[in-house]
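# Observations on the three-dimensional arrangement
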Amino acid sequence: MTPGIRQEARELLRRSGLRLTGPREAILSVLFEVAGPITHEQITAKLAAGAPNKVTIYRVLESFVEAGIVHRAFLAERAWHFELADNCTEDQCHPHFTCRSCEATHCFTDAALPMTKSPRGFTVLHQRVQLEGLCPACNEKKAM
Ligand SMILES: [Zn+2]
Ligand SMILES: [Zn+2]
Ligand SMILES: [Zn+2]
């Protein structure tokens, strides 16, 4: 873990109005480091020996979600994934791209999508888009 990542995590905690605690700083640093969706178990593994207990990690993630700095990522897999709310707005999350060949998921944090036009009587409060296709590496393999 680089000091820069710890610094970024601390800054974000300060901006979000959350109190700085050891577990919060450690878990948010992991989310910065990974820069993509990660499960509770993967966070625990990343923190290794210094990992707080399961309940603490869960509570910390919940506090991040409540503060709006972390989102539950919408993925094909069943387990909850958490990630930084990178370029997400109140009405939509950044899209996720899953490669059909290697099954890796990528965050399209620079992609801005128009909101879906909903049929009469429906109110869309939040849009989360899942994209599928081939990643650059798999496209290359296909071309060979
Ligand atoms: Zn989001
Ligand atoms: Zn791929
Ligand atoms: Zn993402």
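This text goes with the structure placed above it.
Let me begin by describing the structure that accompanies this report. Keep in mind that what you see is a predicted model, and the values were worked out from it rather than measured.

For the rest of this paragraph, the subject is the coordination of the zinc ion (ligand 2). When a metal carries six donors in an octahedron, the ideal angles between them are 90 or 180 degrees, while four donors in a tetrahedron ideally lie at 109.5 degrees. Those donors, Cys 99 (SG), Cys 102 (SG), Cys 135 (SG) and Cys 138 (SG), are the protein atoms that reach the zinc ion (ligand 2), and they lie 2.3 Å from it. Around the zinc ion (ligand 2), the four donor atoms sit at angles spanning 104 to 115°, and that spread fits a shape best called tetrahedral. Sequence spacing of the donor residues for the zinc ion (ligand 2), all on one chain, is C-x2-C-x32-C-x2-C. Taken together, the positions of Cys 102 in the loop between strand E4 (96-99) and strand E5 (105-107) and Cys 135 in the loop between strand E6 (130-133) and helix H5 (136-143) put the pair 33 residues apart, joining distant regions of the chain. For Cys 102, a relative accessible area of 38% corresponds to the partly exposed category. Here Cys 135 falls in the buried class, since its relative accessible area comes to 7%.

Moving on, we get to the packing of aromatic side chains. Taken as a whole and assessed by the stated rule, the structure comprises one aromatic pair. Note on Phe 97 and Phe 108: the rings are 5.3 Å apart at their centroids and 10° apart in plane angle, and the pair reads as stacked. Of the two residues, Phe 97 is situated in strand E4 and Phe 108 in the loop between E5 and E6; the sequence distance between them amounts to eleven residues. Note on Phe 108: relative accessible area 32%, which makes it partly exposed. Seen from the ring of Trp 80, Arg 72 lies directly overhead, with NZ or CZ sitting 5.2 Å from the centre.

What follows concerns the packing of helix H2 (residues 22-34) against helix H3 (residues 40-47). Two elements in contact, H2 and H3, have axes separated by 10 Å at closest approach and are oriented at 105°. Relative to H3, the element H2 lies roughly perpendicular. Touching Ala 26, Ile 27, Val 30, Leu 31, Glu 33 and Val 34 of H2 are Ile 43, Lys 46 and Leu 47, all from H3.

What counts, and where the lines are drawn
Residues numbered from 1 in each chain as written. Chains lettered and ligands numbered in written order. Predicted model: local features only at pLDDT ≥ 70, side-chain atom pairs only at ≥ 80, totals over all residues. Heavy atoms only, no water. Donors = N, O, S within 2.8 Å, 3.2 Å for Na, K, Ca; no water. Tetrahedral: all angles 85-135°; square planar, octahedral: opposite > 155°, others 65-115°. Helix = DSSP H or I, 4+ residues; strand = E, 2+ residues; numbered from the N terminus. Buried < 20%, exposed > 50% of the residue type's maximum accessible area, 1.4 Å probe, protein only. Phe/Tyr/Trp six-rings, centres within 6.5 Å; stacked < 30°, edge-to-face > 60°. Lys NZ or Arg CZ within 6 Å of the ring centre and 35° of its normal. Axes fitted to C-alpha atoms, helices over the stretch in contact; angles between N-to-C directions. Parallel < 35°, antiparallel > 145°, perpendicular 65-115°, else oblique. Contact = heavy atoms within 4.5 Å.

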